[in-house]
2 protein chains.
Amino acid sequence: MNVPGATVGCVGGGQLGRMLGEAAAPLGVDVVVLDPSSPPPAAPVVSDHVQAEFDDEDAMRELAERCDVLTYEIELADPDALERVEKETGTPVHPKPETLRKIEDKLGQNDLLRDAGVPMPEYRRVDSVEDLRDALDVLGYPAMLKARRGGYDGRGNVAVESPDDVERAWSEIAGPALVEEFVEYDRELAVMVADGGDERRSYAVTETVHREEILRESVSPARTTEEVRRQAVDVAEAVVDELPGRGVFGVEMFEVEGRVLYNEVAPRPHNSGHWTIEGAATSQFEQHLRAILDLPLGAAETRGPTVTANILGDVDEPREADLQGVGNLLASSRAHLHWYGKREVRPLRKMGHLTLSSEDADRDELLERAREVRDRLSWG
Amino acid sequence: MNVPGATVGCVGGGQLGRMLGEAAAPLGVDVVVLDPSSPPPAAPVVSDHVQAEFDDEDAMRELAERCDVLTYEIELADPDALERVEKETGTPVHPKPETLRKIEDKLGQNDLLRDAGVPMPEYRRVDSVEDLRDALDVLGYPAMLKARRGGYDGRGNVAVESPDDVERAWSEIAGPALVEEFVEYDRELAVMVADGGDERRSYAVTETVHREEILRESVSPARTTEEVRRQAVDVAEAVVDELPGRGVFGVEMFEVEGRVLYNEVAPRPHNSGHWTIEGAATSQFEQHLRAILDLPLGAAETRGPTVTANILGDVDEPREADLQGVGNLLASSRAHLHWYGKREVRPLRKMGHLTLSSEDADRDELLERAREVRDRLSWG
């Protein structure tokens, strides 16, 4: 595939598609996104937009026919449809649709990775309230009940605090599920791994801070021991080894008393890797493009301590997005804004993020400042 | 001006407009360019394109009416027209059109800056071949005859080597000109200065390497003494002090036996500042946007030694641009491509640049590698 000149099709035109487009322009790569919204967040920075639902196979085929390689920024893409489109059009899809199939069922995903030796919390398959009760007799309380499919940013996850909670928890899922022991973690960690086919590059381990199961801040490199960081990279690479196709993968993990346990994986650029735009030698978005276009991977080295803070929709009701306080943000030394271009702000919607990156800063200080700056933003 | 949400109009949609567009997206800023070509290089990364000549005042007015602030990426923009448009539409223009007026005549520019105490090579006004001969009796040979208007990338500049050369040199310019003593410089230097109105930030001094008066490579920070670097920043800031309006300015200088002499200024992002994309805390393009939008300036600190190499049209005849060898470029550690999206390659046309930036690299080694990688590119 010739660069400059190649065209990448991307199923999904949200913020990940937008930042992919931002990274594509300097390479002379055109990006065309498929997305149902009009216009999607990616629109201003990509060459074109095919307006269609994510599962519209005809639209996917149209997209594939215009592109040199197809990728996706959402896991909801249908692997069977992508595989048929790949076969019919001859346009390669990366990561492989097979990867989506391996992970779309959280139970099958866990089984696959556990069999490959990836350490993870204990879990049990659950198909009924009786299964759930039996499983909790073994795993104990509290525990996390998870729908096998469609979970995203905490949706489809329900905590079960005590035996009294079982009925209520089950009624919220009421379908194929698994229940996982509750892990009292010291830290959540994430590693972005780039798989370039014949080479692999892992970024520094990132510490992620979630609230209501939504990522709030990231700190890179993670404030933990060298040994834990080593384990985290090993776990992340073992996970990616099981998932066919080129691209970047975000692997999320727990740190528990010096041990690292697998949590989940995204076969695409990931929120926990946004720090790489300023903080690494090659951003996860340029890296994803290099990987799927079969170009040499870029250096993944860290340029300096880097913190990101998500800008979420801190509103009660959806309304037109009008962010206030950016002057204060930009006045903070080494602070950068990444706005996602969404016209409507909704409760907890990811609207943007900010990054503080410095060659010689203290990570605690960066994190404190990032939170301060973020918390002074408001919606007009 | 609210960010996100502001719209910037830019007269000119070449590579500078393109990189301005790349920097605008993360800030949630829309860019609309005015450019006669269809499509101009900036098209894929900006919101819209007004197709018109650079001096089309109606088109400028249309652009201004759609924008919160107007800027330009070419000095050829007509200051009188810009000033009328600014007055009629109320849309501010930055840097001020007055700045273009002060520099469009190279003689007036030199007089202004010399009177302000800026050190520069000796020069004389020349309106005839007799003036030229008289001036050279004083300045000596060789010298540089320069058209007062319209010079660009060496066009409008003619070397006068000896008295035998005077007639030929004059016949090439044959109009309002100045002649400048030939400076045997040790190095060419450039400083990008951001003027934010109430604050000013200067980037590290860059060493520039020209051949046939076209920039070939840049090395940042410049490989010279601390004292020369200090002088260069002083000269650059003294120049920018004379030029009204906010924005980034590129000031080019000569280093001659430990002294710094002014050469020329561009009231816009400049080729010698492309290294800031990877090599500085805030790129010159984001900085220009912050300045013209009256936002706080970003940190201008250097992130590490950084070298750029221009990718020029190394062809005999214009033809469709098909760059070969990018795989080798991207395989070079810490190398990044910046492609300008021009469809046709022409002799010496600026088609893109590459950057090598590293926190701890040796600048000689980076420069050697950048040249090697650039020289292995070819046109298919």
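Predicted, not measured: the structure shown is a model, and the values here were computed from it.

Peer 1: Would you mind showing me how to read unusual backbone geometry here?
Peer 2: Excluding glycine, residues mostly have negative phi values, and the peptide bonds linking residues are mostly trans. Between A:Val3 and A:Pro4 the backbone carries a cis peptide bond, its omega angle lying at 0°. With respect to the element layout, A:Pro4 can be found in the segment before strand E1 (7–11). A cis geometry characterises the amide bond from B:Tyr141 onward to B:Pro142, with omega recorded as -15°. Relative to the elements of secondary structure, B:Pro142 occurs in the loop between helix H6 (129–139) and strand E6 (143–147). Positive phi, normally seen in glycine, also occurs at A:Ala174, with a value near 45°.

Peer 1: Even after reading the chapter, I still don't get the pattern of salt bridges, so can you show me in this structure?
Peer 2: Pairing of side chains with opposite charge becomes possible as their charged atoms draw close. Summed over all chains, the structure comprises 83 salt bridges over all chains. One salt bridge in this structure joins A:Glu199 and A:Arg201, with 3.2 Å as the shortest N-O distance. By relative accessible area, which is 25% here, A:Glu199 ends up partly exposed. Here B:Asp241 and B:Arg200 are joined by a salt bridge, their closest N and O atoms 2.5 Å apart.

Peer 1: Just checking my understanding: could you explain the sheet that holds strand E5 (residues 123–126) of chain A for this structure?
Peer 2: Strand pairing in a sheet takes place through backbone hydrogen bonds and is either antiparallel or parallel in direction. Residue and element names in this part refer to chain A. If you walk across this open sheet you meet the 4 strands as E5-E8-E6-E7, and the pairing is antiparallel. For this open sheet the edge positions go to E5 and strand E7 (157–160), each flanked by a neighbour on one side alone. Across the sheet, the mean angle separating the axes of adjacent strands is 25° when strand polarity is ignored. Bridging between E5 and strand E8 (residues 177–181) involves 4 bridges; their strand directions are antiparallel. From the neighbouring strand, Tyr123 faces E8, where its bridge partner is Glu180. The strands touched by helix H6 (residues 129–139) are E5, strand E6 (143–147), E7 and E8; relative to E5, the strand with the most contacts, the crossing angle is about 170°. The sheet contacts of helix H7 (residues 166–173) involve E5, E6, E7 and E8, and relative to E7 the element is tilted by about 175°.

Conventions and cut-offs
Residues numbered from 1 in each chain as written. Chains lettered and ligands numbered in written order. Predicted model: local features only at pLDDT ≥ 70, side-chain atom pairs only at ≥ 80, totals over all residues. Heavy atoms only, no water. Helix = DSSP H or I, 4+ residues; strand = E, 2+ residues; numbered from the N terminus. Salt bridge = Lys/Arg side-chain N within 4 Å of Asp/Glu carboxyl O. Buried < 20%, exposed > 50% of the residue type's maximum accessible area, 1.4 Å probe, protein only. Pairing = 2+ DSSP bridges. Axes fitted to C-alpha atoms, helices over the stretch in contact; angles between N-to-C directions. Contact = heavy atoms within 4.5 Å.

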